[in-house]
Amino acid sequence: MIRFGIIGTNWITEKFIDAASNIEDFSLVAVYSRTEERAKAFAAKFDVTNIFTDLETMAKSDVLDAVYIASPNSLHAEQSILFLQNGKHVICEKPLASNVKEAEAIVQTAKAHGVVFMEALKTTFVPSFVSIKENLHKIGTVRRYFANFCQYSSRYDKYKEGIVLNAFNPAFSNGSLMDIGVYCIYPIVALFGEPTDLCANAYMLESGVDGEGTVIFSYPEMEGVVSFSKISNSFIPSEIQGERGTIVIDKISTPSKVEIHYNDGTVEDISRPQVENTMYYEAKEFIELIKENKTESQINTYANSLTTSKLMERARKQIGLVFPADRN
């Protein structure tokens, strides 16, 4: 049984707990929040008795083996490193860090202490994404990867009223690229590796973060185009275009319906059955790594996380998106 602690008491945390609860070896034993009242209220939902309001105490505690971190982006590195240093396994929400320097520090700490660290980027574990990877050869030489994820943020209305919540506050290393764009960029790295170059553009909000943007990636034989937004919606699918056909993906963050449209007009459905709460697959991978005494996922590898972090940092420099964490 793997005893989990939780950092972050929001909807994504509840979704993770719901998914992981379907895995035999998952046991939720501890909850952290900055306030005791919130920690108690959240813990009560899941009959958890161990609550913490001090991270140092939690990291040193022997009541837990692993921690799921879903705090603001700016806190990911500091919190991950603290728990790794204390011998705890860490699964941390995407993006794993504010910048490359922090990302590298996390990986080095995990390696030094012989524990598991994994970025909780769910897309790559979803059965229909695995099918994309396994069927990619069918479309011939790939010439274009187009990933689209534009989702109007519920917090943008408040922003327009003059209230800047975390989602649009650079102090928390947020914005469209970090929160939404990562879902478009991580898969291109997982499928095609590191590009030779990139060109980024964005609409910057007065708060200092990007509201929406586009990045074009250059590869020797293809290009990647990713489009993301927190201030508008899009309803068009993503595609991987090859010389013999095109893979059409309903939603790049959580592929469900995936089809190959061949040049001769035939269509092949390569979708695979999967559970509704797709966070199940990342939780399962993480728990299996711990049980098998492995320290790194072969799917969400350190290399994939570091490359994605590097690409997002390069894109940020081009659009002028600077976080306080970059000055440390």
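What counts as what
- Residues numbered from 1 in each chain as written.
- Predicted model: local features only at pLDDT ≥ 70, side-chain atom pairs only at ≥ 80, totals over all residues.
- Heavy atoms only, no water.
- Helix = DSSP H or I, 4+ residues; strand = E, 2+ residues; numbered from the N terminus.
- Rg over C-alpha atoms; globule rule 2.2 N^0.38 Å.
- Buried < 20%, exposed > 50% of the residue type's maximum accessible area, 1.4 Å probe, protein only.
- Core = buried A, V, L, I, M, F, W, Y, C linked by side-chain atoms within 4.5 Å.
- Contact = heavy atoms within 4.5 Å.
- Axes fitted to C-alpha atoms, helices over the stretch in contact; angles between N-to-C directions.
- Parallel < 35°, antiparallel > 145°, perpendicular 65-115°, else oblique.
- Left-handed = near helix turned anticlockwise from the far one by under 90°.
- Nonpolar A, V, L, I, M, F, W, Y, C, P; charged D, E, K, R; others polar.
- Polar contact = N/O pair within 3.5 Å; in protein donor to acceptor, adjacent residues only side chain to side chain.
- 1 Å grid on protein atoms, 1.4 Å probe; cavity = no way out; pocket = protein on both sides within 12 Å on 5 of 7 lines; lining within 4 Å.
- Points joined across faces, edges and corners; volume = space filled by probe spheres on them.
- UniProt positions renumbered as here; feature names shortened; annotations may be inferred.

**Regarding the overall build of the protein**
Counting secondary structure elements, the protein contains ten helices and 14 strands. The C-alpha radius of gyration computed for the protein amounts to 20 Å, which stays within 12% of the reference 20 Å derived for 328 residues, consistent with globular compactness. When the backbone C-alpha atoms are referred to their principal axes, the protein occupies close to 60 × 45 × 35 Å. Out of the 328 residues belonging to the protein, those deemed buried represent 56%.

**Quick look at the nonpolar core**
Tyr145, Phe217, Val226, Ile240 and Ile247 are the most contacted members of the largest nonpolar core, which totals 48 residues. Considering every element that reaches this core, the biggest residue donor is helix H8 (residues 176–192), with eleven residues. When sequence neighbours within four positions are dropped, the list of residues in contact with Ile247 reads Ile132, Leu136, Ile139, Ser238, Glu239, Ile240, Val258, Glu259 and Ile260. Core analysis: the next-biggest nonpolar cluster, separate from the first, contains 31 residues, Phe4, Ile6, Ala283 and Ile287 among them.

**Some words on the packing of helix H5 (residues 100–113) against helix H10 (residues 302–319)**
Between H5 and H10, the shortest axis-to-axis distance is 9 Å and the interhelical angle comes to 165°. With respect to H10, the axis of H5 lies roughly antiparallel. When you trace H5 past H10, the crossing you get is left-handed. Only Tyr302, Leu306, Ser309, Lys310 and Glu313 of H10 make contact with H5, whose side of the interface consists of Val100, Ala103, Glu104, Val107, Ala110 and Lys111. Classifying every residue of the contact of H5 with H10 by side-chain character gives six nonpolar, one polar and four charged.

**Describing the side chain of Ser297**
Structurally, Ser297 is set in the loop between helix H9 (279–291) and H10. We classify Ser297 as buried; its relative accessible area is 0%. Separated by 3.0 Å, the side chain of Ser297 and the backbone nitrogen of Ile299 make a polar contact. A distance of 3.0 Å separates a polar side-chain atom of Ser297 from the backbone nitrogen of Asn300. For Ser297, the residues in contact, after removing those within four places along its chain, are Met118, Phe125, Glu285 and Leu289.

**As for empty space enclosed by the protein**
All told, the structure shown has one cavity of 30 Å³ or more when counted by the stated rule. Within this model, the largest cavity holds a volume of roughly 30 Å³. Lining of the largest cavity is provided by Ala97, Ser98, Asn99, Met178, Ser309, Met312, Glu313 and Arg316. At four residues, the largest contribution of residues to the lining of the largest cavity is made by H10. Taken together, the residues that form the lining of the largest cavity break down as three nonpolar, three polar and two charged.

**Section: the UniProt feature "domain: Gfo/Idh/MocA-like oxidoreductase N-terminal" (unreviewed entry) in the protein**
Under the UniProt annotation, "domain: Gfo/Idh/MocA-like oxidoreductase N-terminal" (unreviewed entry) lies at residues 2–119. For residues 2–119, the end-to-end C-alpha separation is 18 Å, with 42% helix and 24% strand making up the annotated structure.

**Looking at unusual backbone geometry**
Trans peptide bonds make up the majority, and among non-glycine residues the majority have a negative phi. For the bond running from Lys94 to Pro95, omega is -15°, close enough to zero to count as cis. Position of Pro95 among the secondary structure elements: in the loop between strand E5 (89–93) and H5. With phi around 55°, Asp47 is a residue other than glycine that occupies positive phi space. Judged by its relative accessible area of 71%, Asp47 is exposed. The backbone of Ser173 shows a phi angle near 55°, a positive value even though the residue is not glycine.

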